[in-house]
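# Structural characterization, general
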Amino acid sequence: MDNNSIENGFIVDLSNTKNTSQLIYELSSILDLPEARNKKICLKLGDTDLNQSQLLSIKALIESMQGEIGMIDTASVQTKAAAENLSILVTELKSEVEAEQTVTPEEIDKVLGIVTTIDGDDETHKENIPLTPIADFSEVAEAGGLILNGDSKYVMMDTTGILPDEQKNHEENPESLPTLYLNRTLRSGQTLSYDGNIFIVGDAHPGSEIIAKGDITVWGILGGIAHAGAQGNVNAKVRALKLNAIQLRIAGLYARRNDTYNVPYVQKSNEFTPEVAVLENNSIVIYKKLRRDE
Amino acid sequence: MTGRVIVITSGKGGVGKTTTSANIGTALAKAGNKVVLIDTDIGLRNLDLLLGLENRIVYTIVDVVEGRCKLKQALVKDKKNPNLSLLAAAQTRDKSAVSEEQLKDICETLKKDNDFILVDCPAGIEQGFQNAVAGASEAIVVTTPEMSAIRDADRIIGLLSAKEEIESYKLLLNRVRPNLIATNDMMSVEDVVELLACDLIGIIPEDTGIISSTNKGDPIVNDEKSLAGQAYRNVARRIMGEEVDFLNLEEDKNFIGKIKNFFEKTIKEIKAKI
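Residues numbered from 1 in each chain as written. Chains lettered and ligands numbered in written order. Predicted model: local features only at pLDDT ≥ 70, side-chain atom pairs only at ≥ 80, totals over all residues.

## Section: the overall build of chain B
Within chain B, the regular secondary structure consists of 12 helices and 8 strands. Taking 274 residues into account, the globule formula puts the C-alpha radius of gyration at 19 Å, and chain B, at 19 Å, falls close to it. Oriented by its inertia axes, the alpha-carbon framework of chain B measures out at about 65 × 35 × 35 Å. Here chain B holds 274 residues, and 46% of them are scored as buried. At a minimum sequence separation of 6, the contacts of chain B that also span at least 24 residues come to 75%. (Helix = DSSP H or I, 4+ residues; strand = E, 2+ residues; numbered from the N terminus. Rg over C-alpha atoms; globule rule 2.2 N^0.38 Å. Buried ≥ 20, exposed ≤ 12 C-beta atoms within 10 Å, placed from the backbone. Contact = placed C-beta atoms within 7 Å.)

Next up, the structure:
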């Protein structure tokens, strides 16, 4: 027997009861508890079959104990129909296991509101990585025979003297990291920081920041700053349907959007070509199409 | 070298503090001064956009005060003018992220190797304003010839005059439209100066070029033909101590008027020479 207090009610789990009399006995003993008084009772009935009159007597029992029936969670078709006839709300309650795995909106708000800085710990920023400012990606394209962004939308930033000299790079596979899935628009001033991969369905507006230990994928327009592999993972990638990030950062390498590259005020979605930014030869390279092994 | 720290403030929002900061800063740098612009509008930063430097920002003022980088690392050099640099505000934080003392320290440090430190103040009179003013010894109050902006400017002048550290404050009248003044639909420059009882440092005419210059991230002082750009360059010269006449914005548009103006100007110049 398990019961949990929730925000607007009181869950009574009766899914393990074998028959109606046991159910009513269990229920009345729980309703006797002081914390169940004046609450909206949510009944978890499992697959117990109840008809309309049985349900009505349960309702009467709850009301006689100064309670009110809030909703019913049931797997039984008969009980569901009976509840609907009595106009009792029937809802699918999340099981506890599911609830643990899902990131709640409150947690996401917390992540969005608070800037979790990746602190330059002694452990994370070691071993030299040469920062070569390369503006032209065509060499790489010829070598690999790959489709490149020809318009040089980005130029590498010379971060010598700006960033700490040393950073410990590693080649972890981002796939082994957990992924934060988010279905919302990231607006100016919002920072999303996560020790894993970040997947956003929506746009990341200019002025927003996405910082991930692993990959960043935006199913929409990426307009803010994106830092993949923020703790030095050189295998991390940034993907977006429209890659307009004001700055792209992968591990310890930074690229800024070219001054001459004009971003239209409004972009039509039929112009989108998925793009991916990866680290190659100490430069951030943008591919317009995902490679086969992506 | 001891630089001058000038705060650019207004009280009311949208009167052109940031545009003024970007333009005066650029004009001062063009004249050969070493200039640092500080954006103190944390959480609603814009100065980087007006200068076209958004893509170069790695560290912000908040990173400096929280010790994640050195002040020097956070200064973003201008694209065109190496004399000009920007200390950007953080977009992902709010005004409480820095304190008055911290801003004062930053200004003191920057004073050592710069001629001018211009502090772009956020709208309002709360913490953001107090922070911005903390390190400054001079102030430019930006206002437009509208009652609401003037009322707020008056409030700001009152607050500034109560601060011991502020040695002088000047008024900059922005978005002046001579044709509206002529038809009595807008307060005249004289009216505003009389209402606020404050010395004028510049009169900037309304200029549609400002809109495109802001969107492009290229301050209008870089446009030699623009009247507003000329007015901002004059403000910079006045800050540097030169005596520059205010632009004659009420210049007659018709041909005879132009000829009249030309003669008046020539006679004035001849008289000056004699």
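## Re the interface of chain A and chain B
Contacts between chain A and chain B engage 16 residues on the former and 11 residues on the latter. In terms of residue count, the dominant contributor to the side of chain A that touches chain B is strand β15 (residues 253-257) of chain A (3 residues). Each residue belonging to the side of chain A that touches chain B can be placed in one class, and the counts come to 4 nonpolar, 8 polar and 4 charged. (Nonpolar A, V, L, I, M, F, W, Y, C, P; charged D, E, K, R; others polar.)

## Brief notes about the nonpolar core
By size, the foremost hydrophobic cluster in this structure holds 77 residues, and its most contacted members are I61, V119, V141 and Y232 of chain B. Core analysis: the second largest hydrophobic core is formed by 41 residues, L182, Y194, A230 and A236 of chain A among them. (Core = buried A, V, L, I, M, F, W, Y, C linked by C-beta atoms within 7 Å.)

## Structural notes on the sheet that holds strand β10 (residues 209-212) of chain A
By way of backbone hydrogen bonds, the strands of a sheet pair with one another, either parallel or antiparallel. Residue and element names in this part refer to chain A. As summarised here, the arrangement of the 6 strands in space is β6-β15-β14-β12-β10-β8, forming an open sheet in which the pairing is mixed. Both outer strands of the open sheet, β6 (154-156) and β8 (191-194), are each paired with one neighbouring strand and no more. Strand-to-strand, the axes of this sheet are offset by a mean angle of 15°, without reference to chain direction. Where strand β12 (residues 225-228) meets strand β14 (residues 247-250), 4 bridges bridge the pair, whose relative direction is parallel. In the sheet register, I225 faces β14, and the bridge partner there is Q247. (Pairing = 2+ DSSP bridges. Axes fitted to C-alpha atoms, helices over the stretch in contact; angles between N-to-C directions.)

## What to know about the confidence of the model for chain A
Residue and element names in this part refer to chain A. Mean pLDDT over chain A works out to 75, with 75% of the residues at or above the 70 mark. In the predicted structure, residues 1-6 sits below a pLDDT of 50 and forms 12 contacts with residues beyond four places in sequence or in another chain. For the stretch residues 114-150, pLDDT sits under 50, and the model shows 62 contacts to residues farther than four places along the chain or on other chains. (pLDDT = per-residue confidence, 0-100.)

## Observations concerning the packing of helix α7 (residues 147-161) of chain B against helix α9 (residues 189-196) of chain B
Residues and elements named next belong to chain B. One way to put it is that α7 packs onto α9 with a least axis distance of 10 Å and a crossing angle of 40°. Between α7 and α9, the angle is such that the two are oblique. Two packed elements cross with a definite hand, and for α7 against α9 that hand is right-handed. Here I150, A153, D154 and I157 of α7 lie close against α9, whose contacting residues are V192, L195 and L196. Its residues assigned to classes, the contact of α7 with α9 shows 6 nonpolar, no polar and 1 charged. (Parallel < 35°, antiparallel > 145°, perpendicular 65-115°, else oblique. Left-handed = near helix turned anticlockwise from the far one by under 90°.)

## A look at the pairing of β14 of chain A
Residue and element names in this part refer to chain A. Neither face of β14 is open: one carries Q247 and R249, the other L248 and I250, and all of them are buried. Here β14 pairs with β15 via 4 bridges, running antiparallel. Looking across to β15, one finds that Q247 is bridged to R256. Linking two consecutive strands that pair antiparallel, namely β14 and β15, is a turn of 2 residues; a positive phi of about 50° is found at A251 within it.

## Examining the sheet that holds strand β1 (residues 4-9) of chain B
Residue and element names in this part refer to chain B. Read from one edge of the open sheet, 8 strands run β3-β4-β2-β5-β1-β6-β7-β8, paired in mixed fashion. With one partner strand each, in any of the chains shown, β3 (75-77) and β8 (200-205) form the two edges of the open sheet. Neighbour-to-neighbour, the strand axes of the sheet open up by a mean angle of 20°, direction not taken into account. As paired strands, β1 and strand β5 (residues 116-120) are joined by 5 bridges and run parallel to one another. Bridge pairing in β5 places I8 opposite D120. Of the strands in this sheet, β1, β6 (138-143) and β7 (168-176) are in contact with α7, which crosses β6 at around 165°.

## Quick notes on unusual backbone geometry
Both trends apply: most residues other than glycine have a negative phi, and most peptide bonds are in trans. All names here are of chain B. Look at R175: it is not a glycine, yet its phi comes out positive at around 60°. Structurally, R175 can be placed in strand β7. Here N184, not a glycine, exhibits a phi torsion of approximately 70°, which is positive. For N184, the location among the structural elements is in the loop between α8 (178-182) and α9.

## Quick word on the environment of G217 of chain B
Residue and element names in this part refer to chain B. Structurally, G217 is set in the loop between α10 (209-216) and α11 (227-239). A count of 17 C-beta atoms within 10 Å places G217 in the partly exposed class. As a C-alpha pair, G217 and Y169 span 48 residues in sequence and 28 Å in three-dimensional space. In contact with G217, not counting residues within four places along its chain, are L49, L50, L51 and G52.

## Brief notes about the environment of I162 of chain A
Mapped onto the elements, I162 of chain A comes out in the loop between β6 and β7 (179-182). Residue classification places I162 of chain A among the partly exposed residues on the basis of 19 C-beta atoms within 10 Å. Along the backbone, I162 of chain A and L55 of chain A are 107 residues apart, and their C-alpha atoms lie at a distance of 70 Å. Those residues in contact with I162 of chain A, other than ones at most four positions away along the chain, are V58 and Q73 of chain B.

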